[in-house]
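Observations on the three-dimensional arrangement
Given next are the chains, with one letter for each unit.
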Amino acid sequence: MEKLRVWFTDFWPTFDPNSNPFLDALGKRYDVNVTQPPDVLFHSVFGSGFMEYDCLRVFYTGECCTPDFNACDYAIGFDYIDFGDRYLRLPLYLFNYEYRAGFDLAMTKHERVEEALKLKKRFCSFVYSSGGVSTPRYQFERALCGYKHVDSGGRAENNIGYAVENKLAFERVHKFSIAFENCVYPGYSTEKIVESFAAATVPLYYGDPTIGRQFNPNAFLNLSGCADVDQMVGMVKELDEDDARYEYMLRQPILLPDSNLPNYEALDRFILNAVRWPRARRRPPRNAWGGGGVPVFD
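Residues numbered from 1 in each chain as written. Predicted model: local features only at pLDDT ≥ 70, side-chain atom pairs only at ≥ 80, totals over all residues. Heavy atoms only, no water.

Brief notes about helix H6 (residues 191-198)
Here is the rule: Only protein chains enter the accessibility calculation, which uses a 1.4 Å probe; a residue is then buried when its area is under 20% of its type maximum, exposed when over 50%, and partly exposed in between. Secondary structure elements follow DSSP: runs of H or I no shorter than four residues count as helices, runs of E no shorter than two count as strands, and numbering proceeds from the N terminus. In what follows, residue pairs with any heavy atoms lying within 4.5 Å of each other are defined as contacts.
Of all eight residues that make up H6, seven are buried, and the element is covered over most of its length. Those residues of H6 not exposed but buried are Glu191, Lys192, Ile193, Val194, Ser196, Phe197 and Ala198. Elements in contact with the buried residues of H6: helix H2 (97-106), helix H4 (136-145), helix H5 (167-172), strand S9 (174-180) and strand S10 (202-206). One or two positions beyond H6, positive phi appears at alanine 200, with a value near 55°.

Printed below as a string of structure tokens:
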């Protein structure tokens, strides 16, 4: 197998440079060494160390940050943009190993409805540990408590006396779970709604205005278009009092038939395609193959 040197920089603190989906993909075709100087650099948004490297650069973000193709050769992110074979939309819950497990569980939640209904002893869960107390998620949580008690098990707004260690188990006993993003931007959806689905709750979602392009609108309560928190609470109250509608939502699969959400193998194909150039591993001009076409790995 051809040898390939790779390096990682500007990732989040818990990112493991020796065990990650990038290495898994490359290991199918290369003898990979995590060392410097790299043939290929993978970088993210937490710093500017990538600027020190003159090699093929592949950018990844799970944060609300659009790729800059002047700074990278290839990119993976959340935006709905088309940049040929240089960009892949792959949300964090399809990249991170821990979140992948939750996504797989979420995909079968509509098959576990009878079991799930037996567990629903509590009204709504709220598990957050950061963010300004004046942000929509905290405003909504307080307003919803005016209707029924919300169990807040995170470090923020905690009202159960301890911080939960197992979020999935905690959310499973609740009918609803609050799944608010930390910002509102088209395409930016994180693990929050997926974790709520995995627990077989009905997510109370606020964030990505295009969330209905990806997830089944009949499987969650979308509060993004509400004028204020009073309207949000009103929508939850209406659903809470309608058992038939609630059960109908639990029985809905999380994805739309035409969601076009990439599978895990899409990342492998994208990475292998990105690093296929020999030696310098610089992307040749678009017209190098005639007509702008480029070969890709199946």
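Continuing now.
A short note on the packing of H2 against H6
So the rule is basically this: Angles run from 0 to 180 degrees between N-to-C directions of axes, and those axes are lines fitted to C-alpha atoms, restricted for helices to the stretch in contact. Here the angle decides the label: under 35 degrees means roughly parallel, over 145 means roughly antiparallel, 65 to 115 means roughly perpendicular, and every other value means oblique. Handedness of a crossing is defined here by the sense of rotation of the near helix relative to the far one, left-handed for an anticlockwise turn of less than a right angle and right-handed for a clockwise turn. When residue character is reported, Ala, Val, Leu, Ile, Met, Phe, Trp, Tyr, Cys and Pro are called nonpolar, Asp, Glu, Lys and Arg charged, and the others, Gly included, polar.
Between H2 and H6, whose axes approach to 8 Å, the crossing angle comes to 50°. One finds that H2 runs oblique with respect to H6. Judged by the twist between their axes, the crossing of H2 over H6 is left-handed. Contacts from Tyr99, Gly102, Phe103, Leu105 and Ala106 in H2 reach Glu191, Val194, Glu195, Phe197 and Ala198 in H6. Split by residue class, the contact of H2 with H6 holds seven nonpolar, one polar and two charged.

Topic: unusual backbone geometry
Following glutamine 36, the chain continues into proline 37 via a peptide bond in cis, with omega recorded as -5°. Within the secondary structure, proline 37 is located in the loop between strand S2 (30-34) and strand S3 (40-43). Positioned with a positive phi, aspartate 10 is a non-glycine residue whose angle comes to about 65°. Note that aspartate 10 resides in the loop between strand S1 (2-9) and helix H1 (21-26).

Digging into the environment of tyrosine 99
Its location among the elements puts tyrosine 99 in helix H2. On a C-alpha basis, the gap between tyrosine 99 and lysine 192 in space is 9.7 Å, while along the polypeptide they are 93 residues apart. For tyrosine 99, the residues in contact, after removing those within four places along its chain, are Leu92, Tyr93, Glu191 and Glu195.

What about the pattern of salt bridges?
This is how the line gets drawn: Salt bridge, as used here, is a side-chain nitrogen of Lys or Arg placed within 4 Å of a carboxyl oxygen of Asp or Glu.
Counting across every chain of the model gives 13 salt bridges. Here lysine 148 makes a salt bridge to aspartate 240, at a shortest N to O gap of 2.8 Å. Taken as a pair, lysine 148 in the loop between H4 and strand S8 (150-152) and aspartate 240 in helix H7 (residues 229-240) lie far apart in primary sequence, 92 residues in all. On the basis of relative accessible area, lysine 148 is assigned to the partly exposed category, the value being 35%. The class of aspartate 240 is buried, set by a relative accessible area of 7%. Here the residues in one salt-bridge network are Glu114, Glu247 and Arg251, joined through shared partners.

What to know about the sheet that holds S8
Put simply, the rule reads: When DSSP finds two or more bridges between two strands, those strands count as paired.
With parallel pairing, five strands are arranged side by side in an open sheet as S8-S7-S9-S10-S11. Because the sheet does not close on itself, it has two edges, and the strands there are S8 and strand S11 (221-222). H4 contacts strand S7 (122-126), S8, S9 and S10 of the sheet and is inclined by roughly 155° relative to S9.

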